Amino acid sequence: MKDHLRELIRGLDPHAGRNAMREYLQARILEGLQRAGAMSPLAFQGGTALRFLYRLPRYSEDLDFALEGSRERYDPRRWLTSITAQFRREGYGATASLRDDGAVHAGWFRFKGLPHELGLSSHRDETLRIKLEADTRPPAGAVTETRLVRRHVSLRIHHHDRASLLAGKLHAVLHRPWLKGRDIYDLAWYLSDPAWPHPNLDLLNAARRQTDPAAPALTEDTWRQAVAARVAGVEWKAVEADVRPFLESGDVPARADLLGMLRPEG
């Protein structure tokens with residue numbers, strides 16, 4: 001399997017090669033989670049879910065999940081141990097760690113020396129890290145579904161549905177202390193698709209109350225206005241600098257274009 005990765009990045013420049021390397025390993029981690037039974041209690045969400053499920057044209061760094069199923073079937077330490085053992089059987093110098101002392105559990109896979117081994121780094125000990133996060137107390141209201149996808153490997157992914165994925169992104173845009181350019185890019189990508197459903201407002205408002213109990217409820221008539229006000233003050237050069245290294249294709253939208261997408265419908 002490592003030979004397959006080597007062929008996958010052959011001929012790519014180091015920047016593109018790193019993105020492709022990370023995404024391949026993300027797919028293998030998802031495959032390991034599926035094999036271990038994690039895709040029953042966990043629901044995939046976030047930017048990497050958009051890329052794997054709906055071909056978002058930017059690469060993503062982390063794997064984000066919400067615990068939407070039985071807590072009794074939630075066993076992240078066993079899952080990480082199993083996946084690490086599989087990588088090591090294939091010749092990867094993989095290690096894993098877990099931090100589970102809060103509501104959001106974070107796990108890391110580390111591949112020491114892999115960028116150098118694949119010709120993507122001059123530093124022999126450089127480590128590629130892939131982070132997993134699982135919200136063990138997610139806000140109520142998410143709707144989930146399961147679909148089959150093929151991205152490097154065959155995956156049967158349990159995930160938030162499209163309206164719930166948009167709600168999660170709106171919550172990040174409205175409440176993240178330091179708004180990421182990747183959030184802005186993803187928001188524009190959502191809104192540019194007229195077939196994408198409206199956000200799951202039950203989930204969005206539950207998430208807002210979890211973050212800030214005083215946050216007013218948003219409606220079909222007010223969510224666009226709230227998001228436009230948040231976006232209007234963003235430094236656009238910082239948006240472009242944050243997201244450009246992850247773009248597979250296309251350009252970063254202009255601020256005016258995004259604000260136009262956020263005008264009330266009617």
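Residues numbered from 1 in each chain as written. Predicted model: local features only at pLDDT ≥ 70, side-chain atom pairs only at ≥ 80, totals over all residues. Heavy atoms only, no water.

(A) Expanded view of the pattern of salt bridges. Counted by the stated rule, this structure contains 20 salt bridges. The salt bridge partner of R51 is E248, with a shortest N-O separation of 3.1 Å. Here R51, found in helix α3 (residues 46-54), pairs with E248, found in the loop between α10 (236-243) and α11 (255-261); they are 197 residues apart in sequence, far enough to count as distant. (Salt bridge = Lys/Arg side-chain N within 4 Å of Asp/Glu carboxyl O. Helix = DSSP H or I, 4+ residues; strand = E, 2+ residues; numbered from the N terminus.)

(B) Up close: the pairing of strand β3 (residues 94-99). Relative to strand β4 (residues 104-112), β3 runs antiparallel, the two being bridged by 6 bridges. Among the inter-strand pairings, A94 is bridged to a residue of β4, identified as F111. In textbook terms, the turn of a hairpin is the stretch between consecutive antiparallel strands, and for β3 and β4 this stretch comprises 4 residues. (Pairing = 2+ DSSP bridges.)

(C) Looking closely at the environment of H105. As for its position among the elements, H105 is in strand β4. Distance in space between the C-alpha atoms of H105 and L132 is 8.1 Å, their sequence separation being 27 residues. Those residues within four positions of H105 in sequence are excluded, and the remaining contacts are R71, Y74, R99, D100, L132, E133, A134 and T136. In this structure the side chain of H105 is engaged in a polar contact, spanning 3.1 Å, whose partner is the backbone oxygen of G102. (Contact = heavy atoms within 4.5 Å. Polar contact = N/O pair within 3.5 Å; in protein donor to acceptor, adjacent residues only side chain to side chain.)

(D) A look at the nonpolar core. Counting 76 residues, the largest nonpolar core has L25, F65 and F111 as the members making the most contacts within it. For this core, the leading source of residues is helix α2 (residues 14-36), giving 9 residues. Not counting the four nearest positions on each side in its chain, F65 is found in contact with L30, L33, M39, L42, A43, F44, Q45, L132, E133, A134 and D135. (Core = buried A, V, L, I, M, F, W, Y, C linked by side-chain atoms within 4.5 Å. Buried < 20%, exposed > 50% of the residue type's maximum accessible area, 1.4 Å probe, protein only.)

(E) Structural view of the packing of α2 against α3. Between α2 and α3, the least distance of the axes is 12 Å, while the angle of their chain directions is 90°. Here α2 lies roughly perpendicular to α3, going by the angle between them. Contacts between α2 and α3 involve E23, Q26, A27 and L30 from the first element and T48, R51 and F52 from the second. Looking at the contact of α2 with α3, its residues break down into 3 nonpolar, 2 polar and 2 charged. (Axes fitted to C-alpha atoms, helices over the stretch in contact; angles between N-to-C directions. Parallel < 35°, antiparallel > 145°, perpendicular 65-115°, else oblique. Nonpolar A, V, L, I, M, F, W, Y, C, P; charged D, E, K, R; others polar.)

(F) Representation of unusual backbone geometry within the structure. For R55, which is not glycine, the phi torsion reads 60° and is therefore positive. Within the fold, R55 resides in the loop between α3 and β2 (63-67). Relative accessible area serves as the criterion here: at 58%, R55 is assigned to the exposed category. A positive phi angle, close to 75°, is found at H152, a residue other than glycine.

(G) Structural context of the packing of α2 against helix α4 (residues 76-89). Orientation of α2 relative to α4, taken along the N-to-C sense of each, is 125°, at an axis distance of 9 Å. Our classification of the angle between α2 and α4 gives oblique. Relative to α4, the crossing made by α2 is right-handed. Residues L25, R28, I29, G32, L33, R35 and A36 of α2 pack against R78, W79, I83, Q86 and F87 of α4. When the residues that make up the contact of α2 with α4 are grouped by side-chain class, the tally is 7 nonpolar, 2 polar and 3 charged. (Left-handed = near helix turned anticlockwise from the far one by under 90°.)

(H) Highlighting the side chain of N200. With respect to the secondary-structure elements, N200 resides in the loop between α7 (181-191) and α8 (201-211). The class for N200 is buried, based on a relative accessible area of 11%. Side-chain polar atoms of N200 contact the side chain of S164, separated by 3.1 Å. For N200, the contacting residues outside a window of four places in its chain are G141, A142, V143, A163, S164 and A167.

(I) Structural detail: the environment of F111. Considering the arrangement of structural elements, one finds F111 in strand β4. Judged by relative accessible area, which is 1%, F111 ranks as buried. Residues F111 and L5, spaced 106 residues apart in sequence, show a C-alpha to C-alpha distance of 13 Å.

(J) Focus on the packing of aromatic side chains. Taken as a whole and judged by the stated rule, the model has 10 aromatic pairs. A centroid spacing of 5.1 Å and a plane angle of 90° characterise the contact between F87 and F111, whose relative ring orientation is edge-to-face. Here F87 is found in helix α4, whereas its partner F111 is found in strand β4, with 24 residues between them in sequence. Given a relative accessible area of 2%, F87 falls into the buried group. Here the aromatic rings of Y190 and W196 are separated by 5.1 Å at their centres, their planes lie at 75°, and the arrangement is edge-to-face. For the pair shown, Y190 and W196 are each scored as buried. (Phe/Tyr/Trp six-rings, centres within 6.5 Å; stacked < 30°, edge-to-face > 60°.)

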